[in-house]
Amino acid sequence: KKYHFIAFCGSLRKGSYNEMALKAMQMLAPSHITIEQVFYDHIPMYNADVHTELLEQVVPLAEKIQASDGVIFVSPEYNYSVPGGLKNVIDVLSRHPDKPFNEKAVAILGASQGNVGTARMQYHLRQVMVFLNAHVVNKPEIMIANAQHKFDESGNLTDEFIRKQLPLMLESLATLSDRFPRGTQG
Ligand code: FNR
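Note that the coordinates shown come from a computational prediction; the quantities given were computed from them, not determined experimentally.

Colleague: How should the side chain of H51 be read in this particular structure?
Modeller: With respect to the helices and strands, H51 occurs in the loop between strand 2 (33-38) and helix 2 (59-67). Given the relative accessible area of 14%, H51 is considered buried. In this structure H51 touches P44, M45 and Y46, once residues within four positions along its chain are discounted.

Structure representation (structure tokens):
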């Protein structure tokens, strides 16, 4: 069986370690798994006064999530939590009447230049996923600490342990998505 996952990078900057980790995950994915990165820097800040109707810009994103087998968040930790831009797009998506995250299989990982490698962000994002009724992979956890030492100058992941963990997380996400086969059913 083939699996297609949608991936959000929580960092918008060029040269992001998290984007490098996302690319490493794509490269190390087993052949039956594909990962499509989606972009959301065009999504405005959610404002219930302005956005009384569904934001059109978010519809293609919501549809991609719904048609996918699962969602991956690869994100830095900003001030011990989820980056505002990433939280915003989740908030906007959560207003979609089809509830794109409901019963979705989700994987969370991240890279930071700190010592705990986004652990605090990950547990905040898990909490957000509880409200959205998503199902988050429990094992393995992937926290890429001291990220400035884990990639080479071309952006390749050099940490052997993490290189082994990434495909394991993808297999866990695939297994989890089989338990919640929502796919294109909407
Ligand atoms: C950070 N950084 C950071 N690191 C960390 O381990 N814990 C934290 O709470 C924070 N807080 C934080 C807030 C803000 C606003 C910024 C810009 C940065 C540092 C962070 O780990 C580092 O900038 C990473 O390189 C960010 O990830 P990308 O952009 O390389 O993917």
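Colleague: Looking at this model, I keep getting lost on the packing of helix 1 (residues 17-28) against helix 5 (residues 160-179). Mind explaining?
Modeller: Each pair of packed helices can be summarised by the angle the axes make with each other and by the distance between the axes. Interaxial distance between helix 1 and helix 5 falls to 9 Å at its minimum, and their mutual angle equals 70°. With respect to helix 5, the element helix 1 is oriented roughly perpendicular. For the pair helix 1 and helix 5, the contacting residues are A21, A24, M25 and L28 in the first and R163, L166, P167, M169 and L170 in the second. Considered class by class, the residues forming the contact of helix 1 with helix 5 number eight nonpolar, no polar and one charged.

Colleague: Sorry, what's going on with the site of the ligand here?
Modeller: Taken together, 13 residues lie near the ligand, and S11, R13, S16, N18 and Y80 sit nearest. Residue R13 places a side-chain N or O atom 2.7 Å away from an oxygen atom belonging to the ligand. A distance of 2.9 Å is found between an oxygen atom of the ligand and a backbone nitrogen or oxygen belonging to Y17. In isolation the ligand has 610 Å² of accessible area, and contact with the protein removes 72% of it. Per-class residue counts for the shell around the ligand are four nonpolar, seven polar and two charged.

Colleague: How do you make sense of unusual backbone geometry when you look at a structure like this?
Modeller: When glycine is set aside, most residues are seen to have a negative phi, and most peptide bonds are trans. Put simply, K139 and P140 share a cis peptide bond, and its omega is -5°. Assignment of secondary structure puts P140 in the loop between strand 5 (135-136) and strand 6 (142-144). The backbone of N79 shows a phi angle near 50°, a positive value even though the residue is not glycine. Judged by its relative accessible area of 78%, N79 is exposed. Phi at E103 is positive, roughly 65°, even though this residue is not glycine. Examined against the element boundaries, E103 turns out to sit in the loop between helix 3 (84-94) and strand 4 (105-111).

Colleague: What should I look at first to understand the packing of aromatic side chains in this one?
Modeller: Here the distance between the centres and the angle between the planes together describe a pair of aromatic rings. Here the structure, examined in full by the defined rule, presents five aromatic pairs. Judged by centre distance (5.8 Å) and plane angle (25°), the ring pair of Y17 and F151 falls under stacked. Residue Y17 is located in helix 1, and its partner F151 is located in the loop between strand 6 and helix 5; the two are separated by 134 residues in the primary sequence. Exposure class is identical for Y17 and F151. Each is buried. Over the ring of Y80 we find R120; its NZ or CZ atom is 3.7 Å from the centre of that ring. Over the ring of Y123 we find R126, and its NZ or CZ is 5.3 Å from the ring centre.

So, how was this worked out
- Residues numbered from 1 in each chain as written.
- Predicted model: local features only at pLDDT ≥ 70, side-chain atom pairs only at ≥ 80, totals over all residues.
- Heavy atoms only, no water.
- Helix = DSSP H or I, 4+ residues; strand = E, 2+ residues; numbered from the N terminus.
- Buried < 20%, exposed > 50% of the residue type's maximum accessible area, 1.4 Å probe, protein only.
- Contact = heavy atoms within 4.5 Å.
- Axes fitted to C-alpha atoms, helices over the stretch in contact; angles between N-to-C directions.
- Parallel < 35°, antiparallel > 145°, perpendicular 65-115°, else oblique.
- Nonpolar A, V, L, I, M, F, W, Y, C, P; charged D, E, K, R; others polar.
- Near = heavy atom within 4 Å.
- Polar contact = N/O pair within 3.5 Å; in protein donor to acceptor, adjacent residues only side chain to side chain.
- Areas by Shrake-Rupley, 256 points an atom, 1.4 Å probe, with all protein chains shown as cover.
- Phe/Tyr/Trp six-rings, centres within 6.5 Å; stacked < 30°, edge-to-face > 60°.
- Lys NZ or Arg CZ within 6 Å of the ring centre and 35° of its normal.

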